[in-house]
Amino acid sequence: MFRNSARVIAQTFYVANVWFANTFCLASAAHGVLPLFLMGWHKFGEEGEEKIKMWFDEGNALVKDGKYEDAIKCYDKVLEIDPNYVKAWTNKSNALLELGRYEDAIVCSDNALKINLHDAFMPQSQFDRILVYNLVNKSKALLELGRDEDAIVCSDKALKIDPNYVDAWFWKAYVLGKNDKHEDAIKCWDELLEIDPNYVDAWLGKCVSLGKLGRDKEANACHAKALKIDPFNDMALKMAGR
């Protein structure tokens, strides 16, 4: 009797779920939208998904070992299967940055930035984080190529998506300071430190800008704050002449 009841419940549950899936898919299709939980099913199949995961994980492991060239080959294998795998473009960009191949890194970040949410197959919040990350990566590469204004534009785009992304504030402040726009740089350092008061490099960056403006007392206070947070910080000790 229990087995029969369980079978009836299971069949009822199955029918209800089939009805829901069919109804939901038809409604979504009517609006030109494929449900998120079906997005990956029609593309690569189980074997393709396994290969993507295998190559992506191997690439990440190689990056941890500092084997960036080999990692790039793995990410390329992923992208051969799925050109819209935004994380592979992102991690390939990272590896290229480590190798000093800045133009190539920009190309990868641009490819990541062209991918839309539907093709990326992930929640909006995660997608936004990846967009911001790629904008900051691009900003770093542009800075290395001496394209400072373009680097600031990328940082600003990142901050428009996520005003609390500290790396975007960092690189914007750094570029402004590099170009002797120290008042503006200090504003960026302050924005960063409002988000993360323990960011040692931000205190040191603010210290440098204040020093350039002749505001030595404030600069010394920032330097002291950095050393209080990290008494063994190499840059802070070097600035102190120790």
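Refer to the structure presented above.
Keep in mind the model is a prediction, meaning the values are calculated, not measured. (Residues numbered from 1 in each chain as written. Predicted model: local features only at pLDDT ≥ 70, side-chain atom pairs only at ≥ 80, totals over all residues. Heavy atoms only, no water.)

Student: Looking at this structure, how should I read the side chain of Asn137?
Tutor: Within the element layout of this structure, Asn137 appears in helix H7 (residues 124-144). Once you skip the residues sitting within four places of it in the chain, Asn137 turns out to touch Thr90, Ser93, Asn94, Leu97 and Ser109. (Helix = DSSP H or I, 4+ residues; strand = E, 2+ residues; numbered from the N terminus. Contact = heavy atoms within 4.5 Å.)

Student: Would you mind going over the nonpolar core with me for this structure?
Tutor: Trp189, Leu192 and Tyr199 are the most contacted members of the largest nonpolar core, which totals 62 residues. Residue contributions to this core peak at nine residues, all from H7. Residue contacts for Tyr199: discarding those within four places in its chain leaves Val166, Asp167, Phe170, Leu192 and Leu193. (Core = buried A, V, L, I, M, F, W, Y, C linked by side-chain atoms within 4.5 Å. Buried < 20%, exposed > 50% of the residue type's maximum accessible area, 1.4 Å probe, protein only.)

Student: Would you take a moment to explain helix H9 (residues 166-178) for this structure?
Tutor: For the α-helix, the turn length of 3.6 residues means that residues three or four positions removed from each other point alike. Compared with an ideal rise of 1.5 Å per residue, which puts 13 residues at 18 Å, H9 spans 18 Å between its outermost C-alpha atoms and is within 8% of the ideal. Of all the residues in H9, the buried ones are Val166, Ala168, Trp169, Phe170, Lys172, Ala173, Val175, Leu176 and Gly177. Among the structural elements, H7, helix H8 (148-161), helix H10 (182-195) and helix H11 (200-212) are those in contact with the buried residues of H9. (Expected span 1.5 Å × (residues − 1).)

Student: Hey, could you run me through H8 in this one?
Tutor: In this model, H8 (14 residues) spans 20 Å end to end at C-alpha, consistent with the 20 Å of a helix rising 1.5 Å per residue. Every buried residue of H8 is accounted for by Asp148, Ala151, Ile152, Cys154, Ser155, Ala158 and Leu159. Axial view of H8: buried residues confined to an arc of 160 degrees, hence all on one face. Among the structural elements, H7 and H9 are those in contact with the buried residues of H8. (Arc of directions from axis to C-beta.)

Student: Can you help me understand unusual backbone geometry in this one?
Tutor: Most peptide bonds take the trans form, and the phi angle of most residues other than glycine is negative. For Asp180, which is not a glycine, the phi torsion comes out positive at approximately 60 degrees. With respect to the element layout, Asp180 can be found in the loop between H9 and H10.

Student: Looking at this structure, how should I read the packing of aromatic side chains?
Tutor: Two numbers describe a pair of aromatic rings. These are the distance of the centres and the angle of the planes. Tallied over the entire structure, the rule returns six aromatic pairs. Their ring planes at 80 degrees and their centres at 5.1 Å tell us that Phe170 and Trp171 sit as a pair that is edge-to-face. For the ring pair Phe170 and Tyr199, a centre distance of 5.8 Å and an interplane angle of 20 degrees mean the geometry is stacked. Taken together, the residues Phe170 in helix H9 and Tyr199 in the loop between H10 and H11 connect sequence positions 29 residues apart. For Phe170, a relative accessible area of 13% puts it in the buried group. Grouped by ring-pair contacts, the aromatic residues Phe170, Trp171, Tyr174, Trp189 and Tyr199 constitute a single cluster. (Phe/Tyr/Trp six-rings, centres within 6.5 Å; stacked < 30°, edge-to-face > 60°.)

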